[in-house]
Amino acid sequence: MDKTMYQISVATSMTKFVSEHEYRNLVEACVDATVFNDWPWLTAAIDHLPKQHQFIGILIKDSQSQLVGMLPLRIAPESLHGVSAQVARFIQYPLGDRIGVLLHPQHIEAWTPLLNYLQQLSGAFWDCMIWNEWTDTQGLLEKSIQWAETNDASVFHRVTSHCPILSLDFKTEEEKVASYPSKKKRTNIRRIRNRLSQVNSTTKHIRPTKDEAQELVDKMRATEAASWKGNEGVGIFNDPGTSDFFNDVSKRLAENDQLDISIIDIDDELASYKYGFYFRNTFLDYSIGYLPKHSKLGLGRLLLDDLVNAATEEGYSAIDASRVGANTQHLLIERTDQKTPHYRFYFFGKSTKGKLLKTLVVHIKPNMKSLRHRYREWQSSRGVTQGKAEK
């Protein structure tokens with residue numbers, strides 16, 4: 001289709017401009033879509049937008065007025081590296097873990113007109129656009145870099161994490177055996193099972209209904225509050241900034257059969273849990289919690305092993321550790337070499353603040369990081385030299 005045949009516009013309301021049916025059809029068609037793109041999470045994110053945040057949706061329609069692409073964004077004033085600016089981010093930020101740009105694979109040629117449109121909006125709508133946790137298998141990142149080089153635009157990206165994925169579509173027994181943890185770790189898991197068999201314990205993998213979700217969320221909230229996450233105020237169910245959202249989105253996901261949870265009960269108390277989501281026959285791991293009094297049992301490793309076994313029996317295609325940071329690892333790394341990169345993509349606007357932010361993000365910040373690293377190396381070597389001299 002000719003690039004000029006696409007209609008690109010701004011929607012300030014989701015439900016007024018896009019129906020649930022046409023949005024879900026778009027999600028279904030998009031190869032990079034995840035549960036964080038789907039209707040339950042999207043609408044929950046919009047409904048829980050903080051004050052001073054504005055929702056806008058960039059709609060792409062073809063010549064037949066069919067929705068072939070959408071970019072839901074939140075725009076808000078932020079301080080980036082000391083600069084006060086209007087920043088546009090994915091609507092799912094900061095709680096969405098892996099987000100694909102919704103563009104129908106048969107309409108990839110609409111990407112260039114979309115970028116042109118976004119550049120026109122810069123300045124008036126935003127100084128800097130940042131896409132956190134972006135995943136791309138359609139070559140959109142490379143097309144963006146090429147477009148920027150020929151259109152006097154400024155973009156920048158970095159890989160923020162590599163998330164392990166364990167495929168469960170075993171074609172041979174050898175492939176299945178290759179997914180097992182090491183012999184030493186299997187022995188450790190057997191010991192944990194033996195210890196649990198001596199107490200009143202149960203392990204379950206469930207996709208709860210909407211009516212069951214609230215009780216499970218309440219139990220996970222209590223376990224999380226008693227854990228180190230509760231003590232440090234970083235738990236998703238107890239943090240005042242996120243508790244209402246997860247209470248709501250859990251029920252929306254459960255209503256769509258997308259809430260996926262593994263639990264271990266000990267003496268009728270929720271000892272440990274894996275809170276995750278079900279999408280395209282895959283378990284996406286999101287959060288884990290356990291009671292401190294059971295910390296020596298190694299319940300996290302057992303939960304993962306039980307989850308893999310249950311998911312294999314239930315015909316799942318994969319276990320996906322989508323929530324992995326740049327400096328954290330997931331136990332799944334012990335079972336697979338397959339990883340998916342997450343990107344942070346910057347699109348700097350044409351405003352003065354946009355240009356300043358480009359200088360800070362692309363040039364000054366990396367150079368400062370390099371200087372700090374070299375300074376620490378110099379300090380370390382100087383300490384070794386002084387130590388030798390004192391001897």
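**Student:** For this particular structure, what's the right way to read the overall build of the chain?
**Tutor:** Within the chain one finds 12 helices and 13 strands. Expressed as lengths along the three principal axes of its C-alpha atoms, the size of the chain is roughly 70 × 70 × 45 Å. Split into buried and exposed, the 391 residues of the chain put 49% on the buried side. Expressed as a percentage of contacts within the chain between residues at least 6 apart in sequence, the contacts between residues at least 24 apart total 73%. Here the chain has roughly 19,500 Å² of accessible surface; of this, 48% comes from carbon and sulfur atoms. Averaging the positions of the 49 positive and the 47 negative side-chain charges in the chain gives two centres separated by 9 Å.

**Student:** Sorry, what's going on with the nonpolar core here?
**Tutor:** Across soluble globular proteins, nonpolar side chains have a tendency to be buried as a group. Among the nonpolar cores identified, the biggest contains 79 residues, and Trp 41, Ile 58, Trp 131, Trp 134, Phe 246 and Tyr 275 are the most heavily contacted of them. Aside from chain neighbours lying at most four places away, what touches Tyr 275 is Met 220, Ile 236, Phe 237, Phe 246, Val 249, Ser 250, Leu 259, Asp 260, Ile 261, Asp 285, Tyr 286 and Ser 287. Core analysis: the next-biggest nonpolar cluster, separate from the first, contains 14 residues, Leu 168, Ala 311, Tyr 316 and Leu 332 among them.

**Student:** Before we go on, may I ask you to explain the pattern of salt bridges in this structure?
**Tutor:** A side chain with one charge may pair with a side chain of the opposite charge, provided their charged atoms come close. Under the defined criterion, the tally for this structure stands at 16 salt bridges. One salt bridge in this structure joins Arg 193 and Asp 306, with 2.7 Å as the shortest N-O distance. Of this pair, Arg 193 sits in helix α7 (residues 183–197) while Asp 306 sits in helix α11 (residues 299–313), and the two are 113 residues apart along the sequence. Note that Lys 293 is salt-bridged to Glu 269, the shortest N-O span being 3.0 Å. In this pair, Lys 293 sits in the loop between β11 (282–290) and α11 while Glu 269 sits in strand β10 (residues 269–279), placing the two residues 24 residues apart along the sequence. Judged by relative accessible area, Lys 293 falls into the exposed class, the value being 60%. A residue is classified by how much of its surface remains accessible, and Glu 269, at 33% relative accessible area, is partly exposed.

**Student:** Looking at this model, I keep getting lost on the pairing of strand β13 (residues 339–348). Mind explaining?
**Tutor:** A regular strand carries its side chains on alternate faces of the sheet. With 7 of 10 residues buried, β13 lies mostly within the body of the structure. Bridge count for strand β6 (residues 128–134) against β13 is 5 bridges, and the pairing is antiparallel. Paired with Trp 134 across the bridge in β13 is Tyr 343. With 10 bridges joining them, strand β7 (residues 154–167) and β13 adopt antiparallel strand pairing. Its bridge partner being in β13, Ser 154 is matched across the sheet by Phe 348.

**Student:** So what exactly am I meant to see when it comes to helix α10 (residues 243–255) here?
**Tutor:** In an α-helix, one turn spans 3.6 residues, which is why side chains three or four residues apart end up on the same side. The end-to-end C-alpha distance of α10, which contains 13 residues, comes to 19 Å, matching closely the 18 Å that a straight helix rising 1.5 Å per residue would cover. In terms of residue burial, α10 counts as a mostly covered element, since 10 of its 13 residues are buried. If you follow the buried residues of α10, they end up packed against α3 (39–47), α8 (210–226), β9 (259–266), β10 and β11. Just downstream of α10, Asp 257 is the residue with a positive phi angle, here 60°.

**Student:** How should the side chain of Ser 250 be read in this particular structure?
**Tutor:** Following the sequence through the fold, Ser 250 ends up in helix α10. Judged by its relative accessible area of 0%, Ser 250 falls in the buried class. For Ser 250, the side chain forms a polar contact with the main-chain oxygen of Phe 246, separated by 2.6 Å. Not counting the four nearest positions on each side in its chain, Ser 250 is found in contact with Ala 213, Val 217, Leu 259 and Tyr 275.

**Student:** Any chance you could explain the environment of Arg 301 here in plain terms?
**Tutor:** With respect to the helices and strands, Arg 301 occurs in helix α11. Taking the C-alpha atoms as reference, Arg 301 lies 26 Å from Asn 247; in sequence the two are 54 residues apart. Those residues in contact with Arg 301 that sit more than four places away from it in its chain are Lys 185, Asn 188, Ile 189, Leu 331 and Glu 334. Within the structure, Arg 301 has its side chain in polar contact with the side chain of Glu 334 (distance 2.6 Å).

**Student:** Would you mind going over the packing of α3 against α10 with me for this structure?
**Tutor:** Closest axis-to-axis distance for the α3/α10 pair is 9 Å, and the angle between their directions is 155°. Considering their axes alone, α3 and α10 lie roughly antiparallel with respect to each other. Crossing of α3 against α10: the hand is right-handed. Within the contact between the two elements, α3 uses Pro 40, Trp 41, Thr 43, Ala 44, Ala 45 and Asp 47 and α10 uses Phe 245, Phe 246, Asp 248, Val 249, Arg 252 and Leu 253. Looking at side-chain class alone, the contact of α3 with α10 contains 8 nonpolar, 1 polar and 3 charged residues.

Rules and cut-offs
Residues numbered from 1 in each chain as written. Predicted model: local features only at pLDDT ≥ 70, side-chain atom pairs only at ≥ 80, totals over all residues. Heavy atoms only, no water. Helix = DSSP H or I, 4+ residues; strand = E, 2+ residues; numbered from the N terminus. Buried < 20%, exposed > 50% of the residue type's maximum accessible area, 1.4 Å probe, protein only. Contact = heavy atoms within 4.5 Å. Areas by Shrake-Rupley, 256 points an atom, 1.4 Å probe, with all protein chains shown as cover. Lys, Arg positive; Asp, Glu negative; His and termini not counted. Charge placed at Lys NZ, Arg CZ, Asp CG, Glu CD. Core = buried A, V, L, I, M, F, W, Y, C linked by side-chain atoms within 4.5 Å. Salt bridge = Lys/Arg side-chain N within 4 Å of Asp/Glu carboxyl O. Pairing = 2+ DSSP bridges. Expected span 1.5 Å × (residues − 1). Polar contact = N/O pair within 3.5 Å; in protein donor to acceptor, adjacent residues only side chain to side chain. Axes fitted to C-alpha atoms, helices over the stretch in contact; angles between N-to-C directions. Parallel < 35°, antiparallel > 145°, perpendicular 65-115°, else oblique. Left-handed = near helix turned anticlockwise from the far one by under 90°. Nonpolar A, V, L, I, M, F, W, Y, C, P; charged D, E, K, R; others polar.

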